[in-house]
Amino acid sequence: MAPQIITDKKGRKTGIILSIKDYEKLLNESEELAAVKAYDKAKAKKQTYIPLREAIKLRKRKKNVSA
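Residues numbered from 1 in each chain as written. Predicted model: local features only at pLDDT ≥ 70, side-chain atom pairs only at ≥ 80, totals over all residues. Heavy atoms only, no water.

Novice: I'm lost on the overall build of the chain in this one. Help?
Specialist: The number of helices and strands found in the chain is 2 helices and 2 strands. In sequence order, the chain lays out its α and β elements as β-β-α-α. Taking the principal axes of the C-alpha coordinates as reference, the chain spans close to 75 × 25 × 20 Å. Relative to its 67 residues, the chain shows a buried fraction of 1%. When the accessible area of the chain is evaluated, it comes to approximately 7000 Å², of which 58% is carbon and sulfur surface. (Helix = DSSP H or I, 4+ residues; strand = E, 2+ residues; numbered from the N terminus. Buried < 20%, exposed > 50% of the residue type's maximum accessible area, 1.4 Å probe, protein only. Areas by Shrake-Rupley, 256 points an atom, 1.4 Å probe, with all protein chains shown as cover.)

Okay, here's the thing in structure tokens:
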């Protein structure tokens, strides 16, 4: 089914009618794009990582100092 464009009395586009198939395709593509953008944003952050064992040791030390 071809999309049907809804216009007002002045001919301005105000809406569209899509088939369920086309709507679901757009929805899936939108979700995929959002995931890609979130991934790109996370990769762009400057982060440093430390090994898990070292992180546990640091946490234990901080806990002992504050106790």
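Novice: Before we go on, may I ask you to explain the pattern of salt bridges in this structure?
Specialist: For side chains bearing opposite charge, pairing can occur when the charged atoms are close. Evaluation of the coordinates by the stated rule reveals 1 salt bridge. Residue Arg-12 is joined to Asp-8 by a salt bridge in which the shortest nitrogen-to-oxygen separation is 2.9 Å. Residue classification places Asp-8 among the partly exposed positions, given a relative accessible area of 25%. (Salt bridge = Lys/Arg side-chain N within 4 Å of Asp/Glu carboxyl O.)

Novice: Can you help me understand the pairing of strand 1 (residues 4-7) in this one?
Specialist: Two faces make up the sheet, and in a regular strand the side chains alternate between them. Pairing of strand 1 with strand 2 (residues 13-17), which is carried by 4 bridges, proceeds in the antiparallel orientation. Of the residues in strand 2, the one forming a bridge with Ile-5 is Ile-16. Linking strand 1 back to strand 2 in an antiparallel pair, the connection comprises 5 residues, with Gly-11 at a positive phi of about 85°. (Pairing = 2+ DSSP bridges.)

Novice: How should I be thinking about the side chain of Ser-19 in this particular structure?
Specialist: Mapped onto the elements of the fold, Ser-19 is located in the loop between strand 2 and helix 1 (20-44). Take Ser-19: its relative accessible area is 16%, and that puts it in the buried class. Of note is the side chain of Ser-19, whose polar atom sits 3.1 Å from the backbone nitrogen of Asp-22. (Polar contact = N/O pair within 3.5 Å; in protein donor to acceptor, adjacent residues only side chain to side chain.)

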